[in-house]
Amino acid sequence: MALFNLVLFAALIGFLYQLWRRGMGLSRRVLIGLVAGTVYGFYLQFVFGAGGGTGAEVTSQTIEWTNIVANGYVNLLRLIIMPLVLVMMIAAVLKVQEIRSLGKIGGSIVAVLVGTTMIAALVGIAMASLFGLDAGELAAGPVEMARAEVLESRQGSVAELSFPQLLVSFISSNIFLDLTGARDTSIIAVVVFGLLIGVAALLVCEEDSEQGPRIRGFLDSAQAVIMKLVHIVMALTPYGVLALMTRVIATSDGNAIVTLIGFVVASYIAIGIMFAVHALLLGVIGVNVGAYFRKVWPVLTFAFVTRSSAATIPLTIRAQVEELKVPPPVANIAASFGATIGQNGCAGIYPAMLAVMVAPTMGVPIDFGFIASLVLIVAIGSFGIAGVGGGATNAALVVLPAMGFPVTVAALLISIEPLIDMARTALNVNGAITSGMITSRFLGETAEAAEAAAPTHR
C-alpha cells in the first residue's frame with residue numbers, strides 16, 4: 001500500500017508540473033498544492049491512521065519518502081539565507097547615496113519604518129498569544145520525537161543570553177564562521193557585517209570615481225544572481241507545500257488544522273490593527289485619514305494583487321507626490337527604503353507571530369526578556385528584506401534562527417502564504433507612504449530645500 005501511496009503522490013507532483021507547463025501563476029499553483037496536500041494527508045489519516053497498528057506503519061513509510069520533497073525544500077530555504085541577507089543588506093546601504101545631503105530626511109524615514117515595525121512585532125506577539133497559536137500542533141511525527149528534537153535544538157539558544165551578551169553576539173569575530181550559521185545569532189551578525197561592508201563600499205564610491213561604477217556593477221550582478229536563486233527556490237514552493245501539508249495533515253490531529261485557520265485569522269486582525277496604527281499616526285500630525293486612504297487606495301490595491309512592494313514603488317512615489325503633495329526627494333526615499341527596510345507586515349508581524357508559536361515548544365517563557373529580544377531582532381532583521389513575494393518567509397528565516405528556533409514552522413506555513421501575503425504587502429506599502437507623510441510634515445522645510453538636490457525615480 002505504501003508503494004501505491006507513493007505512486008499517487010508522484011501523480012500529484014506531475015499534475016503540479018503540468019500546471020506550470022501551461023503557464024499557471026505561482027500563487028494559484030501554491031493554493032492547488034495546499035489543497036492537494038490537504039486532501040492527500042486526510043486520505044492517509046483516515047484510511048491508514050497516524051496511531052499504532054499496521055495502517056500507521058503504512059502512513060509512516062509513505063511520509064518517510066514524501067519527506068524527501070518536504071525536507072529538501074526546507075533545506076533549500078536554509079541554503080539561500082546567508083547570501084540573500086548579505087547581498088540585500090549591502091544593496092540597502094548603498095541606496096544611501098541618494099540621500100547623502102538629506103541625512104535628516106533619511107534618518108526620519110528609517111526611524112518611522114523601523115519604529116512601526118517594532119510596533120507591528122508587538123501586535124504580532126499579542127495576537128499569537130491571544131489566539132493561543134502553538135507550533136507544537138504542526139510538528140511532524142509523534143509528539144515525543146518532536147519534543148526530543150526541540151530540546152536538542154534548544155541548546156545554546158539566544159534566550160539563554162543576557163541582554164548585554166545578546167548585543168555583543170550581534171558582532172561577529174569570525175565572519176566566515178557566521179556565514180556557515182554556526183551560532184544562533186549568525187544571521188544578525190551577517191546583517192551587521194553587510195551594513196559595515198555597505199558603508200565602506202559607499203565611502204569608496206564617493207572617494208574614487210573609477211571604483212564606484214565597478215562596485216555598483218558587481219553588486220548589481222550579485223544581486224541579480226541571488227534573486228534568480230530565490231526565484232528558483234520559490235518556484236519549487238507548490239511541490240514543497242504539497243509534501244509539507246501531506247505531513248502536517250497525515251501526522252497531526254484536528255488541532256493542527258485549527259492552528260492554521262487561527263493563524264490566518266490572527267494575521268488579518270494584526271494587519272488591520274497596524275493599518276489603524278498608521279491611521280492614528282497620520283491623524284496625530286493633522287492628516288485627514290479618510291481622504292488619505294481614498295487617495296492611496298489604488299496603490300494599496302495594486303500591492304495587494306501583485307504581492308510585491310518593489311513592483312509598487314512607481315505608484316507609491318506618484319501617489320505621494322501628486323496626491324499627497326509629499327516632496328519628491330522624500331517620496332523617492334520613502335518608497336525605496338520602504339521596499340527593503342522595516343516592512344510592517346512581512347518583517348514585523350509575521351516573524352514575531354512565528355517566534356511566539358515556536359517558543360512554547362522550546363520551553364522558552366514569553367516574558368519581558370523574550371519580548372525585548374524578539375522585538376530588537378525583528379527591528380535589525382527588517383533591514384534588507386526583499387520587497388517581493390516570499391519576503392515574509394525570508395524575514396522569518398532571519399528571526400527564527402537568531403532566536404535559536406528551527407525554521408520548519410515557516411516552511412509549513414508557506415502553504416497558507418497566498419491567503420495573507422497580499423494583505424501584508426499592502427500594509428508594507430502603506431507603511432512606506434506613512435513614513436513619507438510623517439517625514440514631510442515634521443521636516444517640511446528640509447524636504448523643500450532638498451527637492452532640487454535629490455533625484456526623482458522614473
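Residues numbered from 1 in each chain as written. Predicted model: local features only at pLDDT ≥ 70, side-chain atom pairs only at ≥ 80, totals over all residues. Heavy atoms only, no water.

**Quick notes on the confidence of the model for the protein chain**
1) Next: Residues at a pLDDT of 70 or more form 80% of the protein chain, whose mean pLDDT is 79.
2) Next: Note on residues 139-159: pLDDT is under 50 here. Beyond four places in sequence and across chains, it has 30 contacts.
3) Next: This model gives residues 445-458 a pLDDT under 50, and the stretch forms 21 contacts once residues within four places in sequence are excluded. (pLDDT = per-residue confidence, 0-100. Contact = heavy atoms within 4.5 Å.)

**Things to note about the nonpolar core**
1) Next: Counting 138 residues, the largest nonpolar core has Phe263, Leu354, Phe370, Leu374 and Phe405 as its most contacted members.
2) Next: Not counting residues within four places of it along the chain, the set of residues in contact with Leu374 comprises Ile125, Ala352, Ala355, Val356, Val399 and Met403. (Core = buried A, V, L, I, M, F, W, Y, C linked by side-chain atoms within 4.5 Å. Buried < 20%, exposed > 50% of the residue type's maximum accessible area, 1.4 Å probe, protein only.)

**Comments concerning the pattern of salt bridges**
1) Next: With the rule as written, the count across this model stands at three salt bridges.
2) Next: For Glu323, the salt bridge is made with Arg318, and the minimal N-O distance between the two is 3.8 Å.
3) Next: Assessed through its relative accessible area of 30%, Glu323 is described here as partly exposed.
4) Next: On the accessibility criterion, Arg318 (31% relative accessible area) is partly exposed.
5) Next: Here Asp421 makes a salt bridge to Arg424, at a shortest N to O gap of 3.1 Å. Placement of the pair is Asp421 and Arg424 together in helix α20 (residues 417-442), with a separation of three residues, close to one helical turn. In terms of burial, Asp421 and Arg424 fall into one category: buried.
6) Next: Each of the salt bridges in this network shares a partner with another, and the network as a whole consists of Arg318, Glu322 and Glu323. (Salt bridge = Lys/Arg side-chain N within 4 Å of Asp/Glu carboxyl O. Helix = DSSP H or I, 4+ residues; strand = E, 2+ residues; numbered from the N terminus.)

**With respect to the environment of Val326**
1) Next: Tracing the chain through its elements places Val326 in the loop between α14 (313-323) and α15 (328-338).
2) Next: Its relative accessible area of 2% is what places Val326 among the buried residues.
3) Next: Note: C-alpha distance between Val326 and Ile433 (107 residues apart in sequence) is 9.4 Å.
4) Next: Leaving out residues up to four positions away in the same chain, Val326 has contacts with Gln320, Val321, Ala331, Gly436, Met437 and Ser440.

**Things to note about the side chain of Thr316**
1) Next: Relative to the helices and strands, Thr316 resides in helix α14.
2) Next: On the accessibility criterion, Thr316 (3% relative accessible area) is buried.
3) Next: If we skip the residues at most four places from it in the chain, Thr316 touches Val299, Ala335, Val429 and Ile433.

**Describing the side chain of Ser373**
1) Next: Relative to the helices and strands, Ser373 resides in helix α17 (residues 368-381).
2) Next: A residue is classified by how much of its surface remains accessible, and Ser373, at 13% relative accessible area, is buried.
3) Next: Polar contacts involving the side chain of Ser373 include one to the main-chain carbonyl oxygen of Gly369, which spans 2.9 Å. (Polar contact = N/O pair within 3.5 Å; in protein donor to acceptor, adjacent residues only side chain to side chain.)

**With respect to empty space enclosed by the protein**
1) Next: Within this structure, the stated rule accounts for three cavities of 30 Å³ or more.
2) Next: Empty space within the second largest cavity amounts to approximately 50 Å³.
3) Next: Contributing elements (two or more residues each) for the lining of the second largest cavity: α14, α15 and α20.
4) Next: Residue composition of the lining of the second largest cavity, grouped by class: five nonpolar, three polar and no charged. (1 Å grid on protein atoms, 1.4 Å probe; cavity = no way out; pocket = protein on both sides within 12 Å on 5 of 7 lines; lining within 4 Å. Points joined across faces, edges and corners; volume = space filled by probe spheres on them. Nonpolar A, V, L, I, M, F, W, Y, C, P; charged D, E, K, R; others polar.)

**Some points on helix α10 (residues 211-235)**
1) Next: Counted at 1.5 Å a residue, the expected span for α10 with its 25 residues is 36 Å, and the 36 Å between its end C-alpha atoms agrees.
2) Next: Those residues of α10 not exposed but buried are Gly212, Leu219, Ile226, Met227, Val230, Val233 and Met234. (Expected span 1.5 Å × (residues − 1).)

**Focus on the packing of α10 against helix α11 (residues 237-251)**
1) Next: α11 packs onto α10 with a crossing angle of 40 degrees between their chain directions and a minimal axis gap of 5 Å. Classed by the angle they form, the pair α10 and α11 counts as oblique. Together, Val233, Met234 and Ala235 of α10 and Thr237, Pro238 and Tyr239 of α11 make up the contact between the two elements.
2) Next: For the contact of α10 with α11, the per-class residue count stands at five nonpolar, one polar and no charged. (Axes fitted to C-alpha atoms, helices over the stretch in contact; angles between N-to-C directions. Parallel < 35°, antiparallel > 145°, perpendicular 65-115°, else oblique.)

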